[in-house]
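Chains, contacts and geometry: an overview
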Amino acid sequence: MNDVSLTHLQALEAESIHIMREVVAECDNPVMLYSIGKDSAAMLHVAMKAFYPAKPPFPLLHIDTTWKFREMIAFRDQTAERLGLRLLVHINAEGLAQGINPFTHGSGVHTDVMKTQALKQALDKYGFDAAVGGARRDEEKSRAKERVFSFRSAQHRWDPKRQRPELWRLYNARKHKGESFRVFPMSNWTELDVWQYIALENIPVVPLYLAKLRPVVERGGALIMVDDERMPLAPAETPMMKKVRFRTLGCYPLTGAIESEAETLAAVIEEMLRTRMSERQGRVIDHDAPSSMEKKKQEGYF
Amino acid sequence: MDRTSLLRFMTCGSVDDGKSTLLGRLLYESQLIFDDQLAALAADSKKFGTQGGDLDLALLVDGLAAEREQGITIDVAYRYFATRRRKFIVADAPGHEQYTRNMVTAASTADLALILIDARKGVLPQTRRHSYIVSLLGIRKAVLAINKMDLAGFRQETFDSITGGYREFAKQIGLDDIVAIPVSALHGDNVTQSSVNTPWYRGPALMEHLESVEIQQELSSRPFRMPVQWVNRPNQDFRGFAGMIASGAVERGGRVKALPSGQESRVARIVTQDGDFGRAIAGQSVTLTLEHEIDISRGDVLASTDSPAAVADQFQVTLIWMHEEPMLPERPYLMKIGAATVGATVTSLKYKVSVNTIEHLAAKKLGLNEIGVCNIGLDRRIPFDPYTENRETGGFILIDRFTNETAGAGLIQYALRRADNIHWQALDVNRTARSGLKGQKACALWFTGLSGAGKSTIANLVEKRLLAAGKHTYLLDGDNVRHGLNKDLGFTDADRVENIRRVAEVMRLMVDAGLIVLVAFISPFRSERRMARGLMADGEFIEVFVDTPLAEAERRDRKGLYQKARRGELKNFTGIDSPYEAPEHAEIRIDTMATTAEQAAELLFRRLAAAGILGEARED
Ligand SMILES: Nc1nc2c(ncn2[C@@H]2O[C@H](COP(=O)(O)OP(=O)(O)O)[C@@H](O)[C@H]2O)c(=O)[nH]1
């Protein structure tokens, strides 16, 4: 550490710690939404620092759509165990019973039922009044104005008119019973910041982020990995082995891989600095409609 | 890895000065626009662009037009870009007059302001307004980008006359660290590279300047302050105070003072997961342990012993109003400052400030986006610094107690000396004397519960019992208050708050007169009850929760009110379409499903006797 000033990563980390401590000090029953990806990895790492030597005083919650990559699930369980944290996993049982899946129902319905509705179910079930998530403002144009403490009505709705101005480091976390907050401590980080931080702090990430030979098929211009036998293949489709990695991780049928040679974190960062594609390009849900993110936010997706 | 630093800046400009184009160019030039975004931009440029189908960089950041059409609230947008030397966080706030709130929000976290001026128009009233807000919020560094120089023939005289005039004005408002740069956002002149079109300009290009400008380490050189956010107690042996250092530095072994208590100790350890630090500086989030066991909780401030923060409960402040409902003096709010949240009342509004002319205007209230200077009183003493010395310990927000919304932002100017205030004089004829004469201790019993829970019934029985014992009492309830003192009030949110405020004030006066006061109002909100409690000394306020389940209250429905409410004829009826917040720490809870009203009254009477309220000699 320099004597008079912080590096940008130190400043971002300190800000995120501050936000997480505010959540714990002001909310009755917070939870951290853990989605297994790189943003969650960095966020969780910051949380471990924020409350050290205590453990983070909240559980982790994973909304399992049942379509995550198998490596993600394994990594999730290892991580909770390694850090000694309580992990809650919620699956929308009705959706599961109805057999909702991204192939027959499409990404929109699948995401709504298995992710958005499932998240609301879980928050209601445990009575969480603050859900801390790893979303960043640079992810998408409509997120540029999102608050750090994003207010949700008792019905989990996001109403732009009820969002509160955020000045200095003062977050207003007061609410009536039933209302809640989504809190985004990583708001000011960019994708590059997250990778640099992961490299600097040696944070473990799901191996899918590193390039390796994997079975993929090409669909609608995206490379989709055949992660298990549930994926229906068209008659002419045969999985081919390609050296690929992922920039974001979600449900495997909805997440496009990119061809890459980057087998180490350093190489990933190097590639990122040269790349000319934004990370969302790999997410199938964005292509639905231009304002789809905005709409999903109102519905409670974030 | 590169040692990149972080610069937060805000942008100010009037409509069409080229703010979006300039910001879009900075993003574009720093290579943060990806190919897929660029493809989308090219498509958008053809459709909506102003550049005849050429790339319109403004579209990268400009969502405003669309938002206005959709009626979405206009807000501060945060954008990010980075170069090898620095990461930038840009707070982009629309500049129109109505958006003072957003400008202030953007300025509150910025280290520098980028002010745009259209070379053809020069300094506009808006430019002055933005500059005033920038300076008010304590930003000392500004970059003046004189844009559209291509349309002004890149003439030096134009540039010189605009910057000369601006500097003179800026000096009056205390902005003196100004760097002016002639640019063309559209063509890129002097944005990332010095332009051949302005050979007379010797200064840096905009990006070069942003990358290298010294960010004032102002807060690092101020005295040490750390608001305590959270007390970390994983086990009996560890008690750490967690917080972000607001200013200055702290060292292992250094002396610190806890405020407002004033107790001193030494820093034993600066604990982080990355190992203990010997020293930590402003902007770091740390956990401190102290050598002595002193009582510190969230909201307290750890400060240097040489120049500790002052402690006070009355201030002159600048307020910026951010809520549709105007600020009215005497309304109770909550103030959040650092990690502390305290009750606050604006005692008087001295004047408001015109953001256009910086004139002082007489005012009775402060509306949305207005700025004023007022006196404010708190329900307890807090450590603080004047905003001009430390924005982290001198800036605060006001929260509406009823809606919980952030209603305003404030800057502490200075503490008011006690002599300047009306303070209750300690007369010899006082409460103790008055109540002593009556052979009792004055106090208030505050009954809260749903409509039909049994508050009035029980309160009446208690009063009878007290009277029989020779005590002097008074019962305040809807019947005797709503028809007289508060007959001008209805049931809107604001009226309900005012209703309880008056009741609480009357309660206070009556207790001061030496009476045992019984108050029976639904008082559904914790914040109101807390406000009432805050008016009283410890032990004088006894909250009685008359706990009856909604279903039971509704079943009793003696006045037929629930039925009306269910039919929608009564709006905002507690329990039906307006919430009831059950007390968490009531002194007494009465379960009306398990006790009769008579039993409850007897129980309360005994509690009063046990608490010494009924006087020693004549105890029942
Ligand atoms: N000629 C010229 N036009 C410019 C320049 N900067 C912006 N403009 C144009 O001015 C108009 C308004 O720009 P915009 O960035 O949308 O302004 P904003 O309202 O401040 O965001 C657009 O037509 C731009 O192309 C410049 O440096 N030179």
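Before reading on, note that the structure itself is shown above.
What this report covers is the structure whose coordinates are included nearby. Computed from a predicted structure; not experimentally measured.

Here is what the cut-offs are and how they apply
Residues numbered from 1 in each chain as written. Chains lettered and ligands numbered in written order. Predicted model: local features only at pLDDT ≥ 70, side-chain atom pairs only at ≥ 80, totals over all residues. Heavy atoms only, no water. Salt bridge = Lys/Arg side-chain N within 4 Å of Asp/Glu carboxyl O. Helix = DSSP H or I, 4+ residues; strand = E, 2+ residues; numbered from the N terminus. Core = buried A, V, L, I, M, F, W, Y, C linked by side-chain atoms within 4.5 Å. Buried < 20%, exposed > 50% of the residue type's maximum accessible area, 1.4 Å probe, protein only. Contact = heavy atoms within 4.5 Å.

1. Observations concerning the pattern of salt bridges
As enumerated under the stated definition, the model contains 57 salt bridges over all chains in all. The shortest N-O distance in the salt bridge between Lys49 of chain A and Glu201 of chain A comes to 2.8 Å. Placement of the pair is Lys49 of chain A in helix α2 (residues 38–51) and Glu201 of chain A in the loop between α6 (191–200) and β7 (212–219), with a sequence separation of 152 residues. Asp547 of chain B is the partner of Arg589 of chain B in a salt bridge, and the nearest nitrogen-oxygen pair spans 2.8 Å. A residue pair is termed long-range when its members are at least 10 positions apart, and Arg589 of chain B in strand β27 (residues 588–591) and Asp547 of chain B in strand β26 (residues 541–547) qualify at 42 residues. Each of the salt bridges in this network shares a partner with another, and the network as a whole consists of Glu13, Lys49 and Glu201 of chain A together with Asp274 of chain B.

2. Here we look at the nonpolar core
Ranked by internal contacts, the top residues of the largest apolar core, which has 80 residues, are Phe9, Met10, Leu137 and Tyr166 of chain B. Here this core takes 6 residues from strand β4 (residues 112–118) of chain B, the largest share from any one element. If near-sequence neighbours (up to four positions away) are discounted, Tyr166 of chain B is found in contact with Ile115, Ile117, Val123, Thr127, Ser131, Leu144, Leu175 and Ile178 of chain B. Core analysis: the second largest hydrophobic core is formed by 70 residues, Ile19, Ile36, Trp67 and Val268 of chain A among them.

3. Things to note about unusual backbone geometry
Between Tyr52 of chain A and Pro53 of chain A the backbone carries a cis peptide bond, its omega angle lying at 5°. Relative to the helices and strands, Pro53 of chain A is located in the loop between α2 and β2 (60–63). Here the bond from Leu259 of chain B into Pro260 of chain B is cis, since omega is 10°, no more than 30 degrees from zero. Here Pro260 of chain B shows up in the loop between β11 (255–259) and β12 (264–271). Even without being glycine, Lys148 of chain B reaches a positive phi, approximately 60°. On the accessibility criterion, Lys148 of chain B (19% relative accessible area) is buried. Despite not being glycine, Asn404 of chain B shows a phi value in the positive range, around 70°. Within the secondary structure, Asn404 of chain B is located in the loop between β21 (395–400) and β22 (406–415). Exposure remark for Asn404 of chain B: the relative accessible area of 5% places this residue in the buried category.

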